[in-house]
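So the chains spell out like this:
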Amino acid sequence: MAKFLLYITLTISLLPFFAVSFSPESPIDRRVLVLLDDLAVKSSHSLFFDSLKSRGFELEFKLADDPNIGLQRYGQYLYDALVLFCPSVERFGGSINVASIADFVDSGHDLIIAADTNASDLIREISTESGVDFDENAAAMVIDHTGYAVSNTDGDHTLIASDDLIKSDVILGSKNIEAPVLFQGIGHSVNPANTLVLQVLAASPSAYSANPQSKLSNPPSLTGSAISLVSVIQARNNARIVVAGSLSMFSNRFFRSGVQKAGSSTKYQKSGNQEFLTELSKWVFHERGHLKAVNVRHHKVGESDEPAMYRISDDLDYAVEIYEWSGTSWEPYVANDVQLQFYMMSPYVLKTLSTDKKGLYSTSFKVPDVYGVFQFKVEYQRLGYTSLSLSKQIPVRPFRHNEYERFLPAAYPYYGASFSMMAGFFIFTVVHLYSK
Amino acid sequence: MAAAAETSSDRTLRNAFGGVLSFFILLLIGVLAFSIRLFSVIKYESVIHEFDPYFNYRVTQFLTKNGIYDFWNWFDDRTWYPLGRVIGGTVYPGLTLTAGTLWRILNSLNIPLSVETVCVFTAPIFSAFASWATYLLTKEVKGAGAGLTAAVLLAMVPSYISRSVAGSYDNEAVAIFALIITFYLYIKTLNTGSLFYATLNAIAYFYMVCSWGGYTFIINLIPMHVLLCIVTGRYSSRLYIAYAPLVVLGTLLASLVPVVGFNAVLTSEHFASFLVFIIIHVVALVYYIKGILSAKMFKVAVTLVVSIGLLVCCAVIAVLIALVASSPTMGWSGRSLSLLDPTYASKYIPIIASVSEHQPPTWPSYFMDINVLAFLVPAGIIACFLPLSDASSFAVLYIVTSVYFSGVMVRLMLVFAPAACIMSGIALSQAFDVFTRSIKFQLPGILGKSEFDAGDTSSSSVVAENDAAKPDKSEEKLKERPSRKNKKKEKELVEKASVEKTSTKSKIEKRLLVLPLEASVIALLLLVFLGAFYVVHCVWAAAEAYSAPSIVLTSHSHDGLHVFDDFREAYAWLRHNTEVDDKVASWWDYGYQTTAMANRTVIVDNNTWNNTHIATVGTAMSSPEKAAWEIFNSLDVKYVLVVFGGLVGYPSDDINKFLWMVRIGGGVFPHIKEPDYLRDGQYRIDSQATPTMLNCLMYKLSYYRFVDVDGKGFDRVRRTEIGKKYIKLTHFEEVFTTHHWMVRIYKLKPPRNRIRGKTKKSKTKTSATSSPRKSVATKKNPWH
Amino acid sequence: MARSTSKDAQALFHSLRSAYVATPSSLKIIDLYVGFAVFTAIIQVVYMAFVGSFPFNSFLSGVLSCVGTAVLAVCLRIQVNKENKEFKDLPPERAFADFVLCNLVLHLVIMNFLG
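Quick caveat, the model's predicted, so the values are computed rather than measured. (Residues numbered from 1 in each chain as written. Chains lettered and ligands numbered in written order. Predicted model: local features only at pLDDT ≥ 70, side-chain atom pairs only at ≥ 80, totals over all residues. Heavy atoms only, no water.)

Peer 1: Explain the overall build of chain A to me, using residue names and the numbers behind them.
Peer 2: When helices and strands are tallied, chain A shows 9 helices and 28 strands. Taking 22 Å as the expected radius of gyration for a compact globule of 436 residues, we find that chain A reaches 32 Å, considerably beyond that expectation. Seen along its three principal axes, the alpha-carbon backbone of chain A occupies a region of about 135 × 80 × 40 Å. Evaluated residue by residue, chain A yields a buried proportion of 52% over its 436 residues. The long-range fraction of contacts in chain A, counting pairs at least 24 apart against all pairs at least 6 apart in sequence, stands at 71%. Counting only carbon and sulfur atoms, one obtains 54% of the accessible surface of chain A, whose full area is about 20,200 Å². (Helix = DSSP H or I, 4+ residues; strand = E, 2+ residues; numbered from the N terminus. Rg over C-alpha atoms; globule rule 2.2 N^0.38 Å. Buried < 20%, exposed > 50% of the residue type's maximum accessible area, 1.4 Å probe, protein only. Contact = heavy atoms within 4.5 Å. Areas by Shrake-Rupley, 256 points an atom, 1.4 Å probe, with all protein chains shown as cover.)

Peer 1: Summarise the side chain of His537(B); cite the residues concerned and give the values.
Peer 2: All names here are of chain B. Counting through the fold element by element, His537 comes out in helix 26 (residues 517-545). Accessibility expressed as a relative area gives 14% for His537, which makes it buried. At a separation of 2.9 Å, a polar atom in the side chain of His537 contacts the main-chain carbonyl oxygen of Met368. In this structure His537 touches Pro158, Phe367, Met368 and Asn371, once residues within four positions along its chain are discounted. (Polar contact = N/O pair within 3.5 Å; in protein donor to acceptor, adjacent residues only side chain to side chain.)

Peer 1: Any details on the environment of Pro87(A)? Residues and values, ideally.
Peer 2: All names here are of chain A. When you line up the elements, Pro87 lands in the loop between strand 5 (81-85) and helix 4 (98-106). Pro87 sits 51 residues away from Leu36 along the chain, and the two C-alpha atoms are 8.5 Å apart. When sequence neighbours within four positions are dropped, the list of residues in contact with Pro87 reads Asp37, Ala114, Ala115, Asp116, Asn118, Ala119, Ser120, Ile123 and Leu247.

Peer 1: Kindly report on the interface of chain B and chain A, identifying the contributing residues and their values.
Peer 2: The interface of chain B with chain A comprises 35 residues on the first partner and 45 residues on the second. Across the chain B to chain A interface the summed buried area is about 3,800 Å²; carbon plus sulfur atoms make up 52%. The three residues of chain B that bury the most area against chain A are Asn753(B), Arg754(B) and Ile755(B), which together make up 19% of that side's buried surface. There are 5 salt bridges connecting chain B and chain A. Note that Glu129(A) and Arg756(B) form a salt bridge whose closest N and O atoms lie 2.5 Å from each other. Across the chain B-chain A interface, the total number found is 15 residue pairs in polar contact (both at pLDDT 80 or more). Top contributing element to the side of chain B that touches chain A by residue count: helix 3 (residues 52-72) of chain B, with 3 residues. When its residues are assigned to classes, the side of chain B that touches chain A shows 12 nonpolar, 11 polar and 12 charged. (Buried area = accessible area lost by both parts, 1.4 Å probe. Salt bridge = Lys/Arg side-chain N within 4 Å of Asp/Glu carboxyl O. Nonpolar A, V, L, I, M, F, W, Y, C, P; charged D, E, K, R; others polar.)

Peer 1: Would you mind going over the interface of chain C and chain A in detail, with residue names and values included?
Peer 2: With 29 residues of chain C in contact, the opposing surface of chain A contributes 21 residues. Contact between chain C and chain A buries roughly 2,200 Å² in total, counting both sides, with carbon and sulfur atoms accounting for 82%. The interface formed by chain C and chain A holds 0 salt bridges in total. Top element by residues in the side of chain C that touches chain A is helix 2 (residues 25-51) of chain C. It accounts for 10 residues. Residues of the side of chain C that touches chain A, tallied by class, amount to 18 nonpolar, 11 polar and no charged.

Peer 1: Tell me what's going on with the packing of helix 11 (residues 215-231) of chain B against helix 14 (residues 271-292) of chain B, and back it up with residues and numbers.
Peer 2: All names here are of chain B. Viewed as axis vectors pointing N to C, helix 11 and helix 14 meet at an angle of 25°, and their least axial separation amounts to 9 Å. The angle between helix 11 and helix 14 falls in the class roughly parallel. For helix 11 against helix 14, the interelement crossing comes out left-handed. Of the residues in helix 14, those in contact with Ile219, Asn220, Pro223, Val226, Leu227 and Ile230 of helix 11 are Ala272, Ser273, Val276, Ile279, Ile280 and Val283. (Axes fitted to C-alpha atoms, helices over the stretch in contact; angles between N-to-C directions. Parallel < 35°, antiparallel > 145°, perpendicular 65-115°, else oblique. Left-handed = near helix turned anticlockwise from the far one by under 90°.)

Peer 1: Describe the environment of Gly75(A), naming the residues involved and giving the relevant values.
Peer 2: Residue and element names in this part refer to chain A. As for its position among the elements, Gly75 is in the loop between strand 3 (72-73) and strand 4 (76-77). By relative accessible area, Gly75 is classed as exposed at 59%. Between the C-alpha atom of Gly75 and that of Val190, which follows or precedes it by 115 residues, the distance is 33 Å.

Peer 1: An account of the domain arrangement of chain A is requested, with residue identities and associated values reported.
Peer 2: Split by domain assignment, chain A resolves into domain 1 (24-284), domain 2 (291-397) and domain 3 (407-436). Each of domain 2 of chain A and domain 3 of chain A has a C-alpha centre, and the two are 55 Å apart. (Domains from an automatic or database assignment.)

If you want it as structure tokens, here you go:
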């Protein structure tokens, strides 16, 4: 009996912790499945994995063709994020394939893909599904004869040092990454018409993608800054994907090595890889740049409850609260460019919301003189941030028949005339009846 | 003298008798009018028909639930999304207010009829009222006998039945009654010169303005008649009393109705009334001065006034013309212009041209709609001239103008029907008069009675006929023709007594209008047969042709009656399986029904007031899938509804209406070009169809998976196999298709979560299986 | 020519005047009433020409009330005038009652439309 009570008390006292750890509030991914070609990668890339573990992620390492792996069981996803460090896998084991990975992303989970030279068609296919195109030549690598990293071993200039990083504090953190990033692998291109994909690390203008072993017979198809070394994709449901063309850029060797870009005299003790990739992983796993908008309120000035319908030329207030996830808690999001549209096929009113620095954004305006079914629309899309798309429908009615102005001074003569007619009629009847 | 006294008391007895008889006949006519319209309720169910009545029904529901102030100010946000529609200001409230009042009265008497029942039966009730109003009107024109004939003809005329069956809850149901009553009160005022009737006339006109846009017919016909009377020298002060207060009060009352508002004074449709108003004042003044001056002075006055007045007149007319010509349509609305110039609509306003009710009627439709009356109308016109009075000249003018307008738009056959009934009633009753009088005149000779003088002859022969008539009456069948025959004689006598005819004159009359006995008997019989054919035709038309509710379709096949209830099935699906705020896009025909039955917001509906919005939907239906998806997405549409008749052979489906989508869309968006969809000048959907046609959204949504039905994709309406059989939809997905494939509902797919790269999907399967171990050799050493 | 027309005009004027003086006083009262109504209408039209037609419904109701009153009074005059043969057997009380009814309706509508 006592044991039973003990167990009960224990479970109950531990419940809050369970609740917190599985809280749906925090968008952080906790369980990550890492698929590897070779279990040696687990130790050769341990610095990267350790940085993830130190931030609270549970990593599960599996071989890519392990027949027991699966992303979901009985309709529930077993993992919250997927890391594919298996550039040469031809077929995944278990129940994972391109379609299931695509569904995984479409249900809101994040993905990191690292390809490498001779990446398999499967990895290329997954990357195409995400929105980037690797060079079709399977054996091509990125070669840069003016931006390569000075090294004692490699002579074919496939080890390049790139510092063409995207300028975004959200994606790469507020600290400036001084040292260039070492890269050795394949390049991919990004369709400029694709609004969801961003080039995070691009090659220098002198790079090109070709097979280093064979002679160039045709001009290479991918050249210059069009070659993207690392790209990120933020899907419409705010799932984030990182596609990198080199697995070795995540390795301990590259993290620890010094770097000197050819043609520049500065030699850095440590390459920028660790900083770059750690910050990028923070972004991918939603520790930065994840916004939520809650508590949309609108009401007429002076009232507090939300009406079902407005009238033209009404004055109204609108308020919304926007928070950003800091990795551990929701912080108020501060910005001065969140705009509200009062929209009916085109915006009739466009106002910038003013913030009180504690996450509340509000404004007030006058309903335009047009009646119809309007929408309060907040469309907020900034580089690196999740997109906010709020829309609330509200009808706007015209004046009622007794809401117009009455007793206009301009019309007094007409009122006077009508009343004089009535008075005249009255007098006339009296006169007509009684004169005789 | 004693004989005269006896005849006068006989006469009053006969008058009383006649009065009671006519009362019961009118009651029977009312019952006939009501019951002949009940076929649709018996054959199908008590349901509201067509499209427009659903809107009226929804408005009536709102009115009964929320009261008149909310109804007056109602802003409907569930239609014409996102523009909304101000119902209070764009609907003719007469019908809904009438039904609402009826419902409220019944409810307060504790008769709990539902709003739907009241709406369904409003039209038959008002058609009974309309036939009584026709009796009153024709009585003013010609006499009570003609009145009864006209009333019974109107109760059954198919043209009126077509728009007032039980379930056809549309404006015309009460508007025709209002029209006839207004005319009756006008003629009554004209005949009596009483201001009381003038007031009633104005109020009846107000009711007409509330009910139907066709009130412009009244406000132009009456001034035309006044002008006619003035021009033919029949001006009298009664004319002034009949016309002038009507114009003033009528314009005021018309401006009260929000739909009309200031149009009552600003549009060209009303200018005729103001012009004639001025003219009648001038004429009245002229007559007044003529009355108080001597003839010579009057001539002087005329010359003086004419010279000055002409100058002033020209100036005023010049100003008026400048004002009117400054607007492009010269102040006329689109619909009125299309009435005046039948080719206007097809050139400039395809929306008006596309409504099937606005097409000109064919010749057979005249015979179908008024049947025998088509022959009787010319006879009636002649009968009106025989003594030409103000009232009969009005009747002639009415029939002439309504014939013209009915030839322009088939919908206006409805306005022509009462005129035809009046004329035919007059003609029939005159014919009966002549024949029965001939028989009566010659009957005493046969019965061996001696000659009396004219007055006695008529009275005694009437007594004789009365005795003969009584057994007639006892064998009266459902058809009241024999009683009509008696009525003629009674009423003709009363008429004769009231009008001061001298006996000699009547003798002369009798001498002139006598036909041989056999001929008149046969003619009478033939007229009776004519009436019989008319009745048979009317009942057939009411039962077979005009009772279909068009929301439920039936067809007879070898294994019985098939009922196609697909429309209601689709609306019920929408009602139960979509969110309340979801928007449904379809062609405008189905807008009213969707809002009323499915209770979902629609983009365009039958009101067709905004051509650009309709053109947007038409363009979307004619565009390829992606462009259509963009257009619908910009309008926040969630579901698209398409009507397809190819499986069962329903001819009014969207593919047949497609040409209007292209035309209306192309009228506003020039990138839709009609020749792109035509092959040899025809819209085709078979293998000869143009690629634009085969790729457009309407084609894809109509024929998606159609080939799975019979393997060949044979369209029963167009009677060919379809051109493109295997259709893939990339931006839409099918969510519902009704039992007979008549209504198909599709949902817009949300935008893709990820945008694919440009690399084509390679067939990696074979290469993967053939070289499973290839990767081992190229596996990189991660430590390097 | 002008002299003869002016003489004619004068003669015309005289005869009109003399004929009018002969009318009974009750009809003259009605004529005065009509004149008052028409005069008020003209004032309103002139005012509208200056100020513009902004509250158009007030303008319309004002003018139409004057015109309506005038028209109804003329109708009454027609019916009450003993020289009018058509209305010989219409009792003047009945005519007056109709007149009052019509005016009531008119003024009710005016009041509704005025605001």
